[in-house]
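# What the coordinates show
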Amino acid sequence: MVYILLGDGFEEVEAVAPYDILHRGGVQVGFAGVSSRQVTGAHGIEITAGCLVQDISLEQTEMLVLPGGMGGVRSMCASEAAMQLVRSAYDRGILVAAICAAPTLLAKLGILNGKKAVCYPGLEQECAGALMTQEFAALRDGNVITGRGPAAALEFGYRLLAELRGEDAAGQVRSQMCGGI
């Protein structure tokens, strides 16, 4: 199971695009609200999460995905349950993926120390300890996957699917979605 964590103010495309791509690729995926099941994105789109962060069991979890959006990231950072969940997942070797502003949360937890990472341009200084680059839309280092920002949401989603189900599965979904046109 893949859980996409949502706090009020999350960047909608960074949550919905990876969800859609993973779902198309046969991955069981769901939204988890940080403080409530009804979550409002940065641009007013509301999503009803299937569960709350504190309801997640890491026993069957393949990956946690953290969308950006400054409000959503602040919400996750302010939640002890969300921060503990991310830390525990990382410590267990579960894939942790963060896009846009969300890599700053990973940096606060010390997860990015010594890792290559990307984030929303201009937030690199908030990712102390990381080896920041802007060469990639999404990249993996260890059990951490980072993505650049809203325009990279599809590439980020394909990278997540490739890591979970292989490059062939990601290529097939990309092709079905008319990737490369």
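Not measured: the values here are computed from a predicted model. (Residues numbered from 1 in each chain as written. Predicted model: local features only at pLDDT ≥ 70, side-chain atom pairs only at ≥ 80, totals over all residues. Heavy atoms only, no water.)

Right, let's talk about the sheet that holds strand β1 (residues 2-6) for a bit. Taken in spatial order, the seven strands of this open sheet run β5-β2-β1-β6-β7-β11-β10, and their pairing is mixed. One side of each edge strand has no neighbouring strand; the edge strands of this open sheet are β5 (51-52) and β10 (138-141). In this structure, β1 lies alongside strand β6 (residues 63-66), joined through three bridges in parallel fashion. Note that in β6 the partner of Val-2 across the bridge is Met-63. Sheet strands in contact with helix α1 (residues 12-24) are β1, β2 (29-33) and β7 (95-99), and its direction is about 150° off that of β2. (Pairing = 2+ DSSP bridges. Helix = DSSP H or I, 4+ residues; strand = E, 2+ residues; numbered from the N terminus. Contact = heavy atoms within 4.5 Å. Axes fitted to C-alpha atoms, helices over the stretch in contact; angles between N-to-C directions.)

Burial within β7 is extensive, with five of its five residues counted as buried. Of the two faces of β7, the one carrying Leu-95, Ala-97 and Ile-99 and the one carrying Val-96 and Ala-98 are both buried. Examined bridge by bridge, β6 and β7 share four bridges and lie parallel to one another. Within the sheet, the bridge partner assigned to Met-63 lies in β7 and is Leu-95. Bridging between β7 and strand β11 (residues 144-147) involves four bridges; their strand directions are parallel. Directly across from Ala-97, in β11, lies its bridge partner Ile-145. (Buried < 20%, exposed > 50% of the residue type's maximum accessible area, 1.4 Å probe, protein only.)

The next subject is unusual backbone geometry. When glycine is set aside, most residues are seen to have a negative phi, and most peptide bonds are trans. Here Cys-100, not a glycine, exhibits a phi torsion of approximately 70°, which is positive. For Cys-100, a relative accessible area of 8% corresponds to the buried category.

Glancing now at helix α6 (residues 167-176). For α6, the set of buried residues is Ala-169, Ala-170 and Val-173. Down the axis of α6, the smallest arc covering the buried residues is 95°, so these residues share one side. Residues of α6 that are exposed and point more than 90 degrees away from the buried face comprise Glu-167, Asp-168, Gln-172 and Ser-175. Taken together, the buried residues of α6 touch α1 and α5 (153-165). (Arc of directions from axis to C-beta.)

Let us look at the packing of α5 against α6. Two elements in contact, α5 and α6, have axes whose closest approach is 7 Å; the angle formed by their N-to-C orientations is 145°. The handedness of the crossing between α5 and α6 is right-handed. Facing Glu-155, Tyr-158, Arg-159, Leu-161, Ala-162 and Arg-165 of α5, the residues of α6 in contact are Glu-167, Ala-169, Ala-170, Val-173 and Arg-174. Of the residues in the contact of α5 with α6, the class split is six nonpolar, no polar and five charged. (Left-handed = near helix turned anticlockwise from the far one by under 90°. Nonpolar A, V, L, I, M, F, W, Y, C, P; charged D, E, K, R; others polar.)

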